[in-house]
Each structure stands twice: as C-alpha cells, then as structure tokens.
Amino acid sequence: MPAMEPYLVRVAPQAHAYVQPDGGWCLNNAGVVSDGHTTLLVDTAVTERRARRLRDALLAEGLPLPGTLVNTHHHGDHTYGNSVFAPEATVVAHETCRSEQIAAGHQLHLVWPETEFGEVPLVAPSVTYSERMSLYAGDVEVRVVHPGAAHTTGDSIVHLPSQGVVFTGDLVFNGGTPFIFNGSLAGSLRALDVLRSLDAEVVVPGHGPVTDPSVYDATERYLRFVGEVARAGHAKGLTPLELAHATDLGEFAALPERERLVANLHRAYAELDGLPEGAELDPLVVFGDMVTANGGRPVACHA
C-alpha cells in the first residue's frame with residue numbers, strides 16, 4: 001500500500017502538529033509554535049527529504065522558518081533533520097539528549113542500511129537545560145520539562161500552557177506499541193503522571209494521530225502489562241525472548257510494532273535485576289531478539 005501523506009494540522013490558535021502516517025518505525029510527528037512572526041519547531045524527521053517536506057509545509061502555511069528547534073530526545077527520527085533548519089535555528093534539548101545524540105551518531109544507518117537518509121550531518125543541541133526551561137515564540141510561552149528517564153534518559157516534554165497543547169515526544173505512541181529500550185519502565189509511568197499534571201487538552205504524541213489525555217491511560221495499561229509479565233517471567237527464569245514468545249498480548253495484540261515487547265521486557269528485566277534506570281542495554285542482543293520476535297524479518301523503517 002502507498003504511504004499516506006504527511007499533513008500539517010492546526011491544534012490551537014498558535015500551534016500546529018506535523019503528522020507523518022502511519023506513525024510506525026521512523027515516521028514521527030513534529031510540532032510548530034508560531035505567532036506569525038516567530039516560529040519554534042519541535043523535532044524534525046529522519047531523512048533529508050522528509051525534513052525538507054516539513055520545511056516546505058511551514059512555508060506553504062505562511063509560517064516563518066524556525067529560529068528555535070527543540071529536540072524531545074536523541075533518536076534519529078526526531079533529530080536527523082536538524083541540519084535542514086540549522087544554523088538558522090538554534091537547537092535546544094535536555095543536556096543528556098545532547099550527549100546521547102553525539103554518542104549515537106548515525107546509528108540508524110546501521111539499523112536500516114537500505115534507507116535513503118540523504119545528507120543529514122549531525123547537528124547536536126547547542127543550548128541545553130537540566131530540569132526545565134521556558135522559551136518563547138513571540139508571546140507564546142513554551143515550557144520544556146525533563147520528566148526523568150522514560151523513553152530515553154534525555155527526554156523533554158514541550159508544553160504550551162496558553163494553548164492547552166502538549167508535545168510528548170515518544171513518551172506516547174498513539175496507536176503504536178510503546179518503546180522503552182533506551183529508558184525506563186518505572187520512569188515512563190512517572191512521566192505519564194507529569195503529563196497528566198499539565199492538564200493539556202490536546203496531546204501531540206511522538207507517533208500517531210493527535211489525540212487527547214485518554215491516551216495516557218492506554219499507554220499506562222500497556223506499561224503495567226509489561227511490568228506484570230516481566231515479573232512473572234523473571235521469577236520463572238525465562239529469557240525476555242522466551243517470555244515474549246509465550247505471552248498473549250490480549251488487548252494489545254492489535255497494536256503494530258508488536259516486536260517491541262521483547263525490547264521492553266529486556267528493559268523491565270534490567271530494572272528487576274537492580275540496574276539503574278536508563279542503564280545501557282546491548283543493542284545487538286535486543287534488536288536481534290526483535291528480529292526473531294518479528295518472525296526472523298528485520299523491522300522495517302517506514303520512511
């Protein structure tokens with residue numbers, strides 16, 4: 001089936017979401033905050049071509065190109081396109097996001113060597129924060145909050161209190177399977193409480209359609225399911241892969257990216273073993289297990 005086209009949708013008087021269907025691997029969302037004179041962008045895209053399409057969408061809407069770009073975390077689908085907007089845009093992120101992005105480099109080229117990423121030189125954040133900061137797009141306040149280790153150890157939530165909008169990054173996958181390989185199960189549950197405390201009516205997830213706060217409950221149910229399954233399997237001495245094969249996903253069976261269960265179990269096992277939240281896991285082992293869980297087929301980049 002042909003891929004559906006990305007689209008820009010207004011979610012508040014001075015905020016838009018840029019949504020890339022189907023929201024699967026490599027197809028993230030971006031956010032745009034603008035008063036018509038000044039623009040702040042939240043995240044980019046995984047390929048040069050897709051980042052340029054995002055740029056063109058802003059211009060077609062009559063919006064100025066961004067002077068500030070906030071990365072919600074270091075993963076390449078959210079950051080590879082930074083170079084399309086820099087150096088005109090200053091890149092801002094959590095301090096750990098900067099170090100993670102530099103350490104990861106072009107890791108996705110190794111995971112998906114057949115993908116045409118284009119020219120995407122690494123552009124790491126040049127402005128960082130530790131706990132929270134406020135930025136402004138004209139007179140629109142943009143609050144950037146670090147929830148602790150969750151999807152990764154360097155996540156940022158981007159909240160627009162005057163607009164009733166929150167950009168969650170990959171703390172939320174709407175209609176997709178959560179993925180906590182680089183982060184924390186316990187921390188992801190705490191991050192949902194942080195999101196709830198913001199009382200935003202409009203939720204722009206990292207992947208999937210724009211939604212409302214009910215998505216937090218759906219995400220929490222999945223994460224608690226992973227925790228319960230992991231505790232039982234860990235006690236029986238099963239490996240994460242053995243446990244994934246033996247697990248009935250129940251209400252979550254219809255979610256795409258089901259192979260992420262085994263990666264999430266690896267993270268849950270690490271926490272049950274007493275490792276620090278966000279402790280590094282072996283990507284070769286975890287991604288190898290995802291391939292096995294996916295019937296021996298490599299997971300596909302949808303970009």
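Coordinates for the structure precede this section.
The rules we used
Residues numbered from 1 in each chain as written. Predicted model: local features only at pLDDT ≥ 70, side-chain atom pairs only at ≥ 80, totals over all residues. Heavy atoms only, no water. Salt bridge = Lys/Arg side-chain N within 4 Å of Asp/Glu carboxyl O. Helix = DSSP H or I, 4+ residues; strand = E, 2+ residues; numbered from the N terminus. Phe/Tyr/Trp six-rings, centres within 6.5 Å; stacked < 30°, edge-to-face > 60°. Buried < 20%, exposed > 50% of the residue type's maximum accessible area, 1.4 Å probe, protein only. Lys NZ or Arg CZ within 6 Å of the ring centre and 35° of its normal. Contact = heavy atoms within 4.5 Å.

Undergrad: Help me out: how do you make sense of the pattern of salt bridges in this one?
TA: Charged atoms that come close allow side chains of opposite charge to pair. What the rule picks out here adds up to 10 salt bridges. The residue E141 makes a salt bridge to R143 at a minimum N-O spacing of 3.0 Å. With a shortest N-O distance of 2.7 Å, E220 and R224 are connected by a salt bridge. With E220 and R224 both in helix α7 (residues 214-236) and 4 residues apart, the pair spans about one turn of that helix. Shared partners join several salt bridges into a network, and the residues in it are D193, R196, D217, E220 and R224.

Undergrad: Help me understand the packing of aromatic side chains in this model?
TA: In the structure shown here, the tally under the stated rule is 9 aromatic pairs. A ring pair is formed by W25 and W112, whose centres lie 5.8 Å apart and whose planes are at 55°; its orientation type is tilted. Taken together, the residues W25 in the loop between β2 (15-19) and β3 (30-34) and W112 in the loop between α5 (107-111) and β7 (127-129) connect sequence positions 87 residues apart. Residue W25 is classed as buried on the basis of its relative accessible area of 8%. A ring pair is formed by F181 and F287, whose centres lie 5.6 Å apart and whose planes are at 85°; its orientation type is edge-to-face. On the criterion of sequence distance, the pair formed by F181 in the loop between β11 (165-167) and α6 (185-197) and F287 in helix α10 (residues 283-293) is long-range, its members being 106 residues apart. Counting every residue linked through ring pairs, the aromatic cluster contains W25, W112, F179, F181 and F287. Sitting over the face of the ring of W25, R260 holds its NZ or CZ atom 4.1 Å from the ring centroid.

Undergrad: Teacher, can you tell me more about the environment of F179 here?
TA: Position of F179 among the secondary structure elements: in the loop between β11 and α6. The buried category is assigned to F179, whose relative accessible area is 7%. Placed 116 residues apart in sequence, F179 and G295 show a C-alpha to C-alpha distance of 19 Å. For F179, the residues in contact, after removing those within four places along its chain, are W25, H151, F173, R260, A263, N264, F287 and M290.

Nothing here speaks to function; it is all geometry.
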